[in-house]
Amino acid sequence: MTNYEEINKQCYGARRTASVYVHSILQMPEVMIYVKYRDEIAGSRVLDIGCGAGRTAVFLSKWAGEYVAIDYSCEMVGECTKFCRGVDCTFGDVRDMSRYEDGHFDFVNFANNGMDSLGHEDRLLGLREIRRVLRDGGLFSFSTHNRDYVGAVKEPDFHFTIDPFALMRRIVRYHRCTRNRRRDRVFERSEETYEIINDPAHNFGLITYYITHRHLAAQLEEAGLDLVETYDLKGNVIDMAKPCTDSSWLYCVARKRA
Ligand SMILES: C[S@@+](CC[C@H](N)C(=O)[O-])C[C@H]1O[C@@H](n2cnc3c(N)ncnc32)[C@H](O)[C@@H]1O
């Protein structure tokens, strides 16, 4: 584990971070994907990795024949267990899912860019584990940060307000952002096939993996997964022949090659 992967894990382990995820609002591309592939989810064996506080568990656990949720943050597992009573949610890391047999799951979900908190080598390890636990032809649904996106916020910003309470909150937030940015900018790097960026999420508290959809398709293929389709934030299918510059996230569906 690199230093920054530990920083990301600590961020997701914090109570303040976990509380942000206690809700059940699906994003538009997730709705498109879950509806389109509902026949492959309904009654099947579903693994929800990085389940957080249970946002997707609320839906997937009802449709699945067997539903298992894992997260490497104990705080998230605690929130999920409270939020989704009766759901099988335990501590677990995508990099080591040895407790599950080869080919056990029909559908694997890793929502909301959870995979992007891993460094390059660990991401590849996670993809190999996901492929292993999927049955041949099984589906993998996930999202990731888009390297082609042109509107990304790069530095903490401050907007003045005359509301004294809001101003106080903004000062505290700005202080957190600049402190984290100072700590994390040293981890940023640009490689040919991906980029590591100190992301504005959680007050610049995450160091995040960014990739273009072309390189993502190649990365998945190398891991034995075929990219079926990719959606933008508005729920439109992305044209793979052109760079996608107006969506910060890519929502992908991949299928395990036999
Ligand atoms: C952005 S949150 C999303 C939570 C939830 N899936 C949602 O959509 O609301 C990412 C989640 O992935 C989890 N995560 C990140 N890396 C992980 C890993 N290596 N193994 C398991 N969970 C991981 C984090 O703890 C966090 O709960």
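Whatever comes next refers back to the structure up there.
Note that the structure is a prediction, hence the values are computed from the model and not measured.

Student: Which residues make up the overall build of the protein, and what values go with them?
Tutor: When helices and strands are counted, the protein shows ten helices and ten strands. Taking 2.2 N^0.38 as the reference for a compact globule, 258 residues should give roughly 18 Å; the C-alpha atoms of the protein span a radius of gyration of 18 Å, in line with that estimate. Structurally, the protein occupies a C-alpha span of about 55 × 45 × 35 Å along its principal axes. The buried share of the protein, taken over its 258 residues, is 52%. Put simply, of all contacts in the protein between residues at least 6 apart along the chain, 68% involve residues at least 24 apart. Summed over all atoms, the accessible surface of the protein reaches about 12,400 Å², with 54% contributed by carbon and sulfur.

Student: Account for the layout of surface pockets, naming residues and giving values.
Tutor: Considering only enclosed or pocket space, the largest pocket measures out at about 670 Å³ in volume. Surrounding the largest pocket, 39 residues form its lining, Tyr12, Tyr21, Asn112, Asn113 and Gly114 being those nearest its centre. Mapped by element, the contributors of at least two residues to the lining of the largest pocket are α9 (201-204) and β8 (206-211). In terms of residue count, the dominant contributor to the lining of the largest pocket is β8 (three residues). Within the lining of the largest pocket, the residues separate by chemical class into 20 nonpolar, 14 polar and five charged. Taken as a whole, the second largest pocket encloses approximately 280 Å³ of empty space. Lining the second largest pocket are 14 residues, with Cys11, Arg16, Thr17, Asn180 and His202 positioned closest to its centre. Element by element, the count of residues in the lining of the second largest pocket is highest for helix α8 (residues 164-184), at four residues.

Student: Break down unusual backbone geometry for me, with residues and values.
Tutor: Non-glycine residue Asn203 carries a positive phi angle of around 55 degrees. Of note, Asn203 is situated in helix α9. A relative accessible area of 14% places Asn203 in the buried class.

Student: Explain the nonpolar core to me, using residue names and the numbers behind them.
Tutor: Grouped together as the largest cluster of nonpolar side chains are 36 residues, with contacts concentrated most on Leu47, Ile49, Met97, Val108, Ile130 and Phe140. When residues no more than four places from it in sequence are discounted, the contact partners of Ile49 are Ile70, Val94, Met97, Val108, Asn109, Phe110, Ala111 and Ile130. Counting residues in each nonpolar core, the second largest holds 23 residues, with Ile33, Tyr37, Val77 and Tyr251 among its members.

About the criteria used
Residues numbered from 1 in each chain as written. Predicted model: local features only at pLDDT ≥ 70, side-chain atom pairs only at ≥ 80, totals over all residues. Heavy atoms only, no water. Helix = DSSP H or I, 4+ residues; strand = E, 2+ residues; numbered from the N terminus. Rg over C-alpha atoms; globule rule 2.2 N^0.38 Å. Buried < 20%, exposed > 50% of the residue type's maximum accessible area, 1.4 Å probe, protein only. Contact = heavy atoms within 4.5 Å. Areas by Shrake-Rupley, 256 points an atom, 1.4 Å probe, with all protein chains shown as cover. 1 Å grid on protein atoms, 1.4 Å probe; cavity = no way out; pocket = protein on both sides within 12 Å on 5 of 7 lines; lining within 4 Å. Points joined across faces, edges and corners; volume = space filled by probe spheres on them. Nonpolar A, V, L, I, M, F, W, Y, C, P; charged D, E, K, R; others polar. Core = buried A, V, L, I, M, F, W, Y, C linked by side-chain atoms within 4.5 Å.

Geometry only, nothing functional implied.
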